[in-house]
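Listed below are the residues making up each chain.
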Amino acid sequence: HAETSCDDCYKFPELFMLGSSTASYQIEGGWNEDGKGVNIWDTLTHDHPELIDDKSNGDIACDSYHKYKEDVQLLKDLGAQFYRFSISWSRILPNGRDNKVNLAGIDYYNRLIDELLANGIEPMVTMYHWDLPQPLQDLGGWPNFILSEYFEDYARVLFTNFGDRVKLWLTFNEPLTFMGGYSSDKDFAPAIKSPGIGDYLAAHTVIYAHSRVYHLYDQLFRTKQRGRVGIALNINWCEPATNSSEDVAACQRYHQFNLGMYAHPIFSTEGDYPAVVKDRIARNSAAQGYTVSRLPLFTPKQVEYIRGTADFLGVNFYTAYYGKAGEAGDSPSMARDTGVITIQDPAWGLSASSWLRVVPWGFRKELNWIAKEYGNPPVFVTENGFSDHGGLNDTGRVHYYTSYLTEMLKAIHEDGCSVIGYAAWSLMDNFEWNRGYTEKFGLYAVDFDDPDRPRTPKESAKLVAEIIRTRQIPERFRED
Ligand code: PNW
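Here's what I pulled together on the structure shown here. (Residues numbered from 1 in each chain as written. Predicted model: local features only at pLDDT ≥ 70, side-chain atom pairs only at ≥ 80, totals over all residues. Heavy atoms only, no water.)

### Notes on the packing of aromatic side chains
1) Next: In this structure the tally under the stated criterion is 52 aromatic pairs.
2) Next: Aromatic pair Trp89 and Trp142: ring centres 6.2 Å apart, planes at 50 degrees, arrangement tilted. Of this pair, Trp89 sits in helix α4 (residues 89-92) while Trp142 is found in the loop between α6 (134-137) and α7 (147-162), placing the two residues 53 residues apart along the sequence. Assigned by exposure class, Trp89 and Trp142 land together as buried.
3) Next: An angle of 20 degrees between the planes, with centres 3.8 Å apart, marks the rings of Tyr400 and Tyr404 as stacked. One end of the pair, Tyr400, and the other, Tyr404, are both in helix α15 (residues 395-413), four residues apart, so they sit about a helical turn from each other.
4) Next: Members of the aromatic cluster, connected to one another through ring pairs, are Tyr25, Trp41, Trp130, Phe188, Phe431, Trp433, Tyr437 and Phe448.
5) Next: In this arrangement the basic side chain of Arg91 is found over the ring face of Tyr108, its NZ or CZ atom lying 5.9 Å from the centre.
6) Next: A cation over a ring is seen here: Arg97 above Tyr150, with NZ or CZ 3.8 Å from the ring centre. (Phe/Tyr/Trp six-rings, centres within 6.5 Å; stacked < 30°, edge-to-face > 60°. Helix = DSSP H or I, 4+ residues; strand = E, 2+ residues; numbered from the N terminus. Buried < 20%, exposed > 50% of the residue type's maximum accessible area, 1.4 Å probe, protein only. Lys NZ or Arg CZ within 6 Å of the ring centre and 35° of its normal.)

Written out as structure tokens, the structure is:
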């Protein structure tokens, strides 16, 4: 493409969907209003404020429980074609089980969905963005396989109540991240320390739960509702630190442990966990004296049941690492089983988050890796974004979006990757989990000192609005 000035390379395909995303616990507030039950993030932030950098919580957050109409207006101002938000399980089912449905919760999401549709914005719903009802954690949480059944019951309530209007569904957001809630007592809810054991049990339940919901949709809802069901998985690009075969293999392992753990059972032709994941965990488990692998196995029947249970793959992509072969993490742990040492290049641009460096070319490589590994499935970028410490003149975020979107468009136009949509994380500044309100990801600023939680567009909001309106990267940000 060196000679041809490629104007189309900077344009979004006609059917490509552009929008933005949020999550219930991060924005809603109303933590105990109108019959909502307690979830594991309520518990963690209330009982262990020391685990949150600014000792804050999501009790009020952006107050979207009351300000959803304003949120829809922000989306409208952006020109967003869709809005990805999540539903709070304990707002719908206060105890986590379907014997008691909280009608005020159903009503809230009905009003949000109707407001979106009245403004020409398509709802995209994440069923689970980390806020597990506390009563289900009291039963052990995701490591308890029975939760795959309870999750299906919850999903049935959602399809029944919202499926007439919601056509884009994601079962889970980033199981890779929330399985970490069972491997460390330091951060993610429920902060249970069972590395290399509880986290794998959680993963196992979540994969099966996802497939149950997909089959449920097929059996009871698909013919009538005609929507699509996917899952949102996060992955960092891993660039081999050297071209040695060890480092190349290390980055393949990184991908198989972090993405393949979830994507391979669902999106590969063979199904099941990746062979390298099963082999290494089994080998390490044996060496540690376990009779059986710390990673539970799916039966051949379950492998078949799970295989092919997604209409599209949601991808959350933020950053990249250099990877080389080597021992990392405690024994046992997923890091130890993976056997990769990751480092970031000090030359890569910084954000406010320690893990997030600006590596736009990693995005294109990642989309290509996924296309090659899983036979080019439809990929929906469900999150991509940049953190800073606040301010309306957010040039770092403007640079991040233009450079990452340019690389994504190369993956589409030059490499043939079937990417069908993109959601900017996030619509507005919000509760950034253990970082509290110290790291800002929003296109809109939120004043958390003001009880009204006013929202103000940043420069990046104006940029994204221009991109959506013109459906291209503005000329002033192009490389040639
Ligand atoms: C995602 N990493 O989390 C979540 O889905 C959002 O809720 C969150 O606010 C956003 O990204 C920003 O953090 C991630 O270490 C957490 O690569 C960690 C990583 C990536 C995404």
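From this point, the narrative continues.
### So, the state of the cysteines
1) Next: Following the criterion strictly, the structure yields one disulfide and no others.
2) Next: The thiol of Cys417 is unpaired, and the distance to the nearest cysteine sulfur, on Cys9, comes to 13 Å.
3) Next: Cys417 gets classed as buried once you look at its relative accessible area, which sits at 5%. (Disulfide = S-S within 2.5 Å.)

### Overview of helix α2 (residues 40-47)
1) Next: Among the residues of α2, those classed as buried are Ile40, Trp41, Asp42, Leu44 and Thr45.
2) Next: Here the buried face of α2 lies against α1 (24-27), β3 (122-128) and α6.
3) Next: Two or three places before Trp41, at the start of α2, stands the capping residue Asn39, its side-chain oxygen 2.9 Å from that residue's backbone nitrogen. (Contact = heavy atoms within 4.5 Å. Polar contact = N/O pair within 3.5 Å; in protein donor to acceptor, adjacent residues only side chain to side chain.)

### Overview of the sheet that holds strand β6 (residues 237-240)
1) Next: Spatially, the three strands line up as an open sheet ordered β6-β8-β9, and their pairing is mixed. Whereas interior strands pair on both sides, the edge strands pair on one side only; in this sheet they are β6 and β9 (340-343). Each strand of the sheet is rotated relative to its neighbour by a mean of 40 degrees, with strand direction disregarded.
2) Next: Relative to strand β8 (residues 320-325), β6 runs parallel, the two sharing four bridges. Bridge pairing links Glu239 to Tyr322 in β8.
3) Next: Packing against the sheet, helix α10 (residues 245-267) makes contact with β6, β8 and β9, and its axis sits at approximately 125 degrees to β8. (Pairing = 2+ DSSP bridges. Axes fitted to C-alpha atoms, helices over the stretch in contact; angles between N-to-C directions.)

### So, the environment of Asn384
1) Next: With respect to the helices and strands, the residue Asn384 is situated in the loop between β10 (379-383) and α15.
2) Next: Since its relative accessible area comes to 0%, Asn384 is described here as buried.
3) Next: Between the alpha carbons of Asn384 and Tyr200 there is a distance of 26 Å; along the sequence they are 184 residues apart.
4) Next: Among residues more than four places away in sequence, those in contact with Asn384 are Phe317, Tyr318, Phe363, Tyr400, Tyr401, Tyr404, Tyr422, Ala423, Ala424 and Trp425.

### Quick word on the sheet that holds β3
1) Next: The strand order around the closed barrel formed by eight strands is β1-β2-β3-β4-β5-β7-β10-β11, and the pairing between neighbours is parallel. On average, adjacent strands in this sheet sit at an angle of 25 degrees to one another, irrespective of strand direction.
2) Next: Relative to strand β5 (residues 228-234), strand β4 (residues 168-173) runs parallel, the two sharing four bridges. Opposite Leu170, over in β5, you have Gly230 as the bridge partner.
3) Next: Packing against the sheet, α7 makes contact with β3, β4 and β5, and its axis sits at approximately 160 degrees to β3.
4) Next: Sitting on the sheet, α10 touches β5 and β7 (312-316), and the angle it makes with β5 is about 160 degrees.

### Focus: the site of the ligand
1) Next: Taken together, 14 residues form the shell around the ligand, and within it Gln26, His129, Glu383, Glu432 and Trp433 come nearest.
2) Next: Measuring from an oxygen atom of the ligand, one finds a side-chain N or O atom of Gln26 at 2.8 Å.
3) Next: The separation between an oxygen atom of the ligand and a polar side-chain atom of Glu174 is 3.0 Å.
4) Next: When the free accessible area of the ligand is taken as 450 Å², the share hidden by the protein chains comes to 89%.
5) Next: Its residues assigned to classes, the shell around the ligand comprises six nonpolar, five polar and three charged. (Near = heavy atom within 4 Å. Areas by Shrake-Rupley, 256 points an atom, 1.4 Å probe, with all protein chains shown as cover. Nonpolar A, V, L, I, M, F, W, Y, C, P; charged D, E, K, R; others polar.)

### Here's the deal with the nonpolar core
1) Next: Trp41, Trp142 and Met408 are the most contacted members of the largest nonpolar core, which has 148 residues in total.
2) Next: Residue contributions to this core peak at 12 residues, all from helix α9 (residues 198-225).
3) Next: Setting aside residues no more than four positions away along its own chain, Met408 makes contact with Phe12, Phe16, Phe363, Leu367, Val381, Val419 and Tyr422.
4) Next: In terms of nonpolar packing, the next biggest core, distinct from the first, is built from nine residues, Met17, Leu170, Phe312 and Ala423 among them. (Core = buried A, V, L, I, M, F, W, Y, C linked by side-chain atoms within 4.5 Å.)

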